[in-house]
Amino acid sequence: MRTLFSLPLCLALMLGTLNIQAQTPEKAKARELEDVLEDIPSKDILKLRGSTKQVAATEISSKLVAAEVTKETTFKLKVDKVIPWSFPQQGNVQGWRANSNSERIRCGSVMFDTNIQLYIKQDPKGLLEKMRPGTELVVTGKVSRCDITVPGKVFLNMDIQVSDFAEAN
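First things first, this report covers the structure right here in the doc. Residue numbers run consecutively from 1 along every chain, following the written order of its sequence. Where local features are concerned, this predicted model is filtered to residues with pLDDT of at least 70; where side-chain atom pairs are given and counted, the filter is 80 or more; whole-chain, interface and lining totals use all residues. Neither water nor hydrogens contribute to the side-chain values; these are computed over all heavy atoms in the structure.

### Thoughts on the nonpolar core
Next, step 1: Definition of nonpolar core: a set of buried residues of the types Ala, Val, Leu, Ile, Met, Phe, Trp, Tyr and Cys, connected through side-chain atoms within 4.5 Å. Throughout this description, buried means an accessible area under 20% of the type-specific maximum (1.4 Å probe, protein chains only), exposed means over 50%, and partly exposed covers the range between. The biggest cluster of nonpolar side chains holds 37 residues, and the ones touching the most others in it are L48, L64, F112, L118, I148 and L156.
Next, step 2: The helix count covers DSSP runs of H or I at least four residues long, the strand count covers runs of E at least two residues long, and both are numbered beginning at the N terminus. Elements with a contribution of two residues or more to this core: α3 (53–68), β1 (72–87), β3 (104–107), β4 (110–120), β5 (135–149) and β6 (155–167).
Next, step 3: Sequence-distant contacts of F112, that is, excluding residues within four places in its chain, are made with L37, I45, L48, E103, R104, I105, C107, I148, V154 and L156. Pairs of residues are marked as contacts when any of their non-hydrogen atoms sit within 4.5 Å.

Here is the structure:
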C-alpha cells in the first residue's frame, strides 16, 4: 500500500508545526520601495548622475528584471487614484488599475521618483469603491515590470498584478 504523506510531513501535521496557510497581506511582511534597489551596487547607482545615465539605467533595469519580475511580493503603498480597467488578453476581465502616490526615495546619493501601477482583478471585500486618495494599502502580487527610466528625473517604475490587498492598519 502506498501512502501520500512522508513520515516527517505526517508528524509535522499532527504536531501542528507545519503552517500550510498562505499569508494574507495583513500578516505578510511588507517591503519598502527602497528594498527593491538594495542589491544594486552603489557604484552603479552613481552612474545615474553622469553623462551615461541612459546606459546605466538600462544596466540597472536588467538586474531589477532578473531580481523582481515574476516574483511574488508584498508592499505597503499609498494609493492616489483607482480607475476601471480591462484585461483583454485575459478573457476581457474587468478590474481596476490603481496608481500609487509618487514617492521620493533615496538610494545612496541619488533620489528616485516612483511610478507604481497596481492591476487588480478582484475586490471581494469591496474596498475599492470607498477608497480615497492617500489610502494606505498592503498589496501582495506578482511583479510584471520593474525598471529605471531617466527622462530627466530618475524613476523607479513597477507594475504589480495584485492577488490580494487590504487596508493598512
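### Some details on the pairing of β4
Next, step 1: Here β4 lies mainly inside the structure; nine of its eleven residues are buried.
Next, step 2: Strands are treated as partners if at least two bridges between them are detected by DSSP. Of the pairings in the sheet, the one linking strand β2 (residues 93–100) to β4 comprises four bridges and is antiparallel in character. Bridging across to β4, W96 finds its partner in I120.
Next, step 3: Where β3 meets β4, four bridges bridge the pair, whose relative direction is antiparallel. Across the sheet, C107 pairs through a bridge with V110, a residue of β4.

### A short note on the pattern of salt bridges
Next, step 1: The salt bridge definition used is simple: a Lys or Arg side-chain nitrogen within 4 Å of an Asp or Glu carboxyl oxygen. Enumeration over the complete set of coordinates arrives at seven salt bridges.
Next, step 2: Close ionic contact of R104 with D113 constitutes a salt bridge, the shortest N to O distance being 3.0 Å.
Next, step 3: Under the relative-accessibility criterion, D113 is labelled buried at 5%.
Next, step 4: In this structure, D147 and R145 form a salt bridge, with 3.0 Å as the shortest nitrogen-oxygen distance.
Next, step 5: Exposure remark for D147: the relative accessible area of 17% places this residue in the buried category.
Next, step 6: One network of salt bridges, in which partners are shared, links K43, D44, K47 and K63.

### What to know about the side chain of S61
Next, step 1: Residue position: S61 is located in helix α3.
Next, step 2: Dropping the residues within four chain positions of it, S61 is found in contact with C146, D147 and I148.

### Considering the packing of aromatic side chains
Next, step 1: Pairing of aromatic rings covers Phe, Tyr and the six-membered ring of Trp, with a centre-to-centre limit of 6.5 Å; geometry is then stacked below 30 degrees between planes, edge-to-face above 60, and tilted otherwise. Inspection of the entire model under this criterion finds two aromatic pairs.
Next, step 2: Relative to Y119, the ring of F87 has its centre 6.4 Å away and its plane inclined at 75°; by these criteria the two rings are edge-to-face. Here the residue F87 occupies a position in strand β1, and Y119 occupies one in strand β4, the gap between them amounting to 32 residues.
Next, step 3: On the accessibility criterion, Y119 (13% relative accessible area) is buried.
Next, step 4: Members of the aromatic cluster, connected to one another through ring pairs, are W85, F87 and Y119.

### With respect to the side chain of D44
Next, step 1: Looking at the secondary structure, you find D44 in helix α2 (residues 42–46).
Next, step 2: Under the rule applied, a polar contact is a pair of N or O atoms within 3.5 Å (in protein, one hydrogen donor and one hydrogen acceptor; residues adjacent in sequence only if both atoms are side-chain atoms). A polar side-chain atom of D44 sits 2.6 Å from a polar atom in the side chain of K63.
Next, step 3: Leave out the neighbours within four places in its chain, and D44 touches A56, I60 and K63.

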